[in-house]
Amino acid sequence: MVNVRDYLKKREKRESDKPRISYREKIKSHKFTIFYRMMLAIILIAAIGAATYIQWKNKVYTESLVVASAEISITQDANLMPFDGYLLNYSKDGAGCMDTKGNAVWNQTFEMQNPIVDICQNVVAIGDYNGRTIYVMNTSGPMGNITTNRPTRNLCVASNGVVAVVLDDTDVTLIYLYDSQGNELVHFRTTMKESGYPVSVSISPSGELVCVSYLFVDSGQMKSSVAFYNFGAVGQNSTDNYVSGYDYLNTIVPFTRFLDNKSVFAVSDDRIMFYSGSQKPVSAAENLLNEDVQSIYYGGEYVGLVFNSTESSNRYRLDVYHKSGELAQQIEFDIEYSDILFHEDQIIIYNETECCIYNINGLEKYAGKFNKSVRTLIPLKTSYSYMMVTPDSIDTIELK
């Protein structure tokens, strides 16, 4: 017969001999359990997100759909350019800006024989070769006019409306900087004997740095010099604001351009050069070219050089460089191109009747023909959406 009192005493002793878990330890254990569950959920969500992103990055589109259309009237002789999500059209008689619905945002009349146009983000400057008036506008409307006292040879604009203008004189070439209201900010002179003739001029988006490519003859040898001028606080301590420069023998450098405030590239007949630095740019990379460059395109962080293809059945090869100077991709293509655009991670190659779109990894995302004759294709902010400008309409298209 079991003694109930003895049994209860023994059970109480066994319970007292067990290690006791404090309330604080229970709370700590519960928190660890919640933490591990949360980490597992985060890892799972991240894995799903990564898989979805990779699938989207590698998605191939097979058709384009017109989701909106607006009738427009643009003269045949008008030149069309993408303008920060808008459409810029200009001719000898004036310029205008339209939105995606075909609405006129502004119009500017003028008379020019040979318009020179430069765009930086949402600002455009338009002047006449040998003319003396320059118009500065942004996507909202006119910002101001600049009147020069000598004939204009070249110009470039910054995103704040500052314009660098190359002016011709009898014995010297002058480079002036004006604000959008026409006020002179600074100028400097060049001569063939001292520095050479300025072949190309470009200005940083901030308007603080100016890059000039000079061509000159030294001891019977042709040389090019890429010079940088800083018109900010740093440049005030340098003679003529000159802060750095590089010389190149037996080559011409006809093209220079800022990709952002601290990244510049230049193309000569035998190489492509990259420079970096927001105050005193230095040489970052240099790649020799063994073939003739057919065309130069740029946008965002990338520069594209088009060559005739020699190693495949395709007609052309596009070499894509990152702003660091690294060759990022080579793309063979076979269509006669009218323009090549860099937008986010897209490389868009098109003409009046067809279009090819690649990502920066070289994957062909879309290849197709247009139902209408296309004059200009403009990427929109929504991914794989575009403004398609035809002779009589602006169509918004999406890839599916």
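Residues numbered from 1 in each chain as written. Predicted model: local features only at pLDDT ≥ 70, side-chain atom pairs only at ≥ 80, totals over all residues. Heavy atoms only, no water.

A few words on a nonpolar patch on the surface. A contiguous nonpolar surface patch, about 520 Å² in accessible area, is contributed by Phe35, Tyr36, Met39, Ile42 and Ile43. Looking at where Ile43 falls in the secondary structure, it is placed in helix α2 (residues 23-57). (Patch = residues over 30% accessible without salt bridge, like charges linked within 9 Å, V, L, I, M, F, W, Y side chains within 5 Å. Areas by Shrake-Rupley, 256 points an atom, 1.4 Å probe, with all protein chains shown as cover. Salt bridge = Lys/Arg side-chain N within 4 Å of Asp/Glu carboxyl O. Helix = DSSP H or I, 4+ residues; strand = E, 2+ residues; numbered from the N terminus.)

Before going further, it helps to spend a moment on the nonpolar core. Formed by 17 residues in total, the largest nonpolar core has its most connected members in Val306, Leu318, Phe333, Tyr337, Ile340, Ile347 and Ile349. Residue contributions to this core peak at three residues, all from strand β24 (residues 316-322). Among all residues touching Ile349, those that are not within four sequence positions of it are Leu318, Phe333, Ile335, Tyr337, Asp339, Ile340, Glu354, Cys355, Cys356 and Tyr358. (Core = buried A, V, L, I, M, F, W, Y, C linked by side-chain atoms within 4.5 Å. Buried < 20%, exposed > 50% of the residue type's maximum accessible area, 1.4 Å probe, protein only. Contact = heavy atoms within 4.5 Å.)

On to the packing of aromatic side chains, then. The full count for this structure, using the stated rule, is 17 aromatic pairs. With centroids separated by 5.6 Å and ring planes inclined at 10°, the aromatic side chains of Tyr176 and Tyr178 adopt a geometry described as stacked. Aromatic side chains Phe333 and Tyr337 sit 5.8 Å apart centroid to centroid with 75° between the ring planes, which places their arrangement in the edge-to-face category. Summarising the burial analysis for this pair, Phe333 and Tyr337 share the class buried. The structure contains a cluster of three or more aromatic residues connected by ring pairs, namely Phe255, Phe265, Phe274, Tyr298 and Tyr321. (Phe/Tyr/Trp six-rings, centres within 6.5 Å; stacked < 30°, edge-to-face > 60°.)

Across the sheet, which stays open at both edges, the four strands sit in the order β2-β3-β4-β5 with antiparallel pairing between neighbours. Of all strands in the sheet, those with a lone pairing partner are β2 (79-83) and β5 (104-109), marking the two edges. Averaged over all adjacent pairs, the angle separating strand axes in this sheet is 15°, with direction ignored. Looking at chain direction, strand β3 (residues 86-91) and strand β4 (residues 94-98) are connected through five bridges and run antiparallel. Note that in β4 the partner of Ser91 across the bridge is Gly94. (Pairing = 2+ DSSP bridges. Axes fitted to C-alpha atoms, helices over the stretch in contact; angles between N-to-C directions.)

Attention now goes to the environment of Cys97. With respect to the helices and strands, Cys97 occurs in strand β4. Using a relative accessible area of 1% as the deciding quantity, one classes Cys97 as buried. Cys97 sits 11 residues away from Tyr86 along the chain, and the two C-alpha atoms are 6.8 Å apart. When neighbours within four sequence positions are excluded, Cys97 is seen to be in contact with Phe83, Tyr86, Leu87, Asn89, Asn103, Ala104, Val105, Trp106 and Thr139.

Further remarks concern the pairing of strand β13 (residues 184-190). Judged from the six bridges that link them, strand β12 (residues 173-178) and β13 form a sheet pairing that is antiparallel. In the sheet register, Tyr176 faces β13, and the bridge partner there is His187. The hairpin formed by β12 and β13 contains five residues between the paired strands, and Gly182 there has a positive phi angle of roughly 95°.

Turning our attention to the pairing of β3. Taken across its six residues, β3 has five buried, putting it largely inside the fold. Summarising the sheet, β2 and β3 pair through five bridges and their orientation is antiparallel. Counterpart to Phe83 in the pairing with β3 is Tyr86. Between β2 and β3, which pair antiparallel one after the other, the connecting turn spans two residues, and Asp84 there sits at a positive phi close to 55°. Linking β3 back to β4 in an antiparallel pair, the connection comprises two residues.

By themselves, these figures tell us nothing about what the structure is for.
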